[in-house]
Amino acid sequence: MSWNIFEVVEFVVDALSLLSSDSSESNSGTEKPLKRKKSKYLVEQFSTAFTLISCIFLFFVFKDPLLVQNSFQTVCIAILIGMVITFLCCFALYLLEFFYFKSFLSMLFFCTSMIVLWTASVLFLYFKSVLF
């Protein structure tokens, strides 16, 4: 029995056409598909809000000189903590199947704004709380 590459390709194309025709036939029945009204730029709005909130936090942190000996080390550790928290948030969004974007730049803007937000939050908590 010899394998013909064209038969294999034809089988794959037939299988794909069957899969795509099943999903289109189920929607073409008497029931109407539900249309949910979504905001077109919802991810960008969240990213912009995260960035504005982080700018406010960073303003309160850096308006006075930092009173620690190694401010560079403190900021680097806060950035690492912010990146870890952002990774956990994005991973949770991925598991809940909410981590999808229309373009790479929107994903990059969202993740960067989350990193900046969590870093600013950690710095704000560290410098303005009485716990540390």
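Residue indices begin from 1 for each chain and proceed along its sequence in written order. Residues qualify for local features only when their pLDDT is at least 70, as the model is predicted, and side-chain atom pairs are given and counted only at 80 or more; totals for whole chains, interfaces and linings, by contrast, use all residues. Here the side-chain values reflect all heavy atoms present in the structure, with hydrogen atoms and water set aside.

### A short note on the confidence of the model for the chain
As a reminder, the rule being used: pLDDT runs from 0 to 100 and stands for how confident the predictor is about each residue. Contacts between residues were defined by any pair of non-hydrogen atoms, one from each residue, lying within 4.5 Å.
Residues at a pLDDT of 70 or more form 71% of the chain, whose mean pLDDT is 80. Overall, residues 22-26 carries pLDDT values under 50, and its contacts beyond four positions in sequence, including any with other chains, amount to zero contacts.

### Considerations on the packing of aromatic side chains
Where two aromatic rings form a pair, the distance of their centres and the angle of their planes describe that pair. Note the cut-off: Each aromatic pair joins two rings of Phe, Tyr and Trp (for Trp, the six-membered one) with centres within 6.5 Å, and gets the label stacked for planes under 30 degrees apart, edge-to-face for over 60, and tilted for any other angle.
If you walk through the whole model with that rule in mind, you get nine aromatic pairs. Chaining the aromatic ring pairs together yields one cluster made of Phe46, Phe50, Phe99, Phe101 and Phe110.

### Some details on unusual backbone geometry
In most cases, non-glycine residues show a negative phi, while peptide bonds are predominantly trans. Operational definition: Counting from the N terminus, the helices are DSSP H or I runs at least four residues long and the strands are E runs at least two residues long. Relative accessibility under 20% of the residue-type maximum defines a buried residue, over 50% an exposed one, and the middle range a partly exposed one, all with a 1.4 Å probe and only protein chains included.
A positive phi is found at glutamate 97, a non-glycine position, where the angle reads about 60 degrees. Topologically, glutamate 97 is positioned in the loop between α3 (71-95) and α4 (104-128). Residue classification places glutamate 97 among the exposed residues on the basis of a relative accessible area of 64%.

### Some remarks on the packing of α3 against α4
For the record, the criterion: In this description, a line fitted to the C-alpha atoms serves as the axis of each element, helices being fitted only across the stretch in contact, and the angle between N-to-C directions of two axes falls anywhere from 0 to 180 degrees. Should an angle fall under 35 degrees it is taken as roughly parallel, and over 145 as roughly antiparallel, whereas 65 to 115 is taken as roughly perpendicular and any remaining angle as oblique. Should the near helix be turned counterclockwise from the far one by less than a right angle, the crossing is left-handed, whereas a clockwise turn marks it as right-handed. In this count, Pro and Cys sit with the nonpolar residues alongside Ala, Val, Leu, Ile, Met, Phe, Trp and Tyr, while Asp, Glu, Lys and Arg are called charged and the others, Gly among them, polar.
At a closest axis distance of 8 Å, the pairing of α3 and α4 adopts a crossing angle of 130 degrees. Considered as vectors, α3 and α4 are oriented oblique to each other. Along this stretch, α3 crosses α4, giving a crossing that reads as right-handed. Mapping the contact onto sequence places Thr74, Val75, Ala78, Ile79, Ile81, Gly82, Met83, Ile85, Thr86, Cys89, Cys90 and Leu93 in α3 and Phe110, Cys111, Met114, Ile115, Trp118, Thr119, Val122, Leu123, Tyr126 and Phe127 in α4. A class-by-class count of the residues in the contact of α3 with α4 yields 18 nonpolar, four polar and no charged.

### What about α4?
To keep it simple, the criterion reads: Take the residue count of a helix, subtract one, and multiply by 1.5 Å to get its expected span.
Here α4 contains 25 residues, and its C-alpha end-to-end distance of 36 Å stays within 8% of the 36 Å for a straight helix at 1.5 Å per residue. If you check which residues of α4 are buried, you get Ser106, Phe110, Cys111, Ser113, Met114, Leu117, Thr119, Ala120, Ser121 and Leu123. Turning to α4, the residues buried within the fold contact α2 (42-62) and α3.

### Digging into the packing of α2 against α4
Where α2 meets α4, the axes come as close as 8 Å, and the angle between the chain directions of the two elements is 25 degrees. It follows from the interaxial angle that α2 and α4 lie roughly parallel. Our pair here, α2 against α4, has a crossing hand that is left-handed. Here the contact of α2 with α4 is composed, by residue class, of 17 nonpolar, seven polar and two charged.

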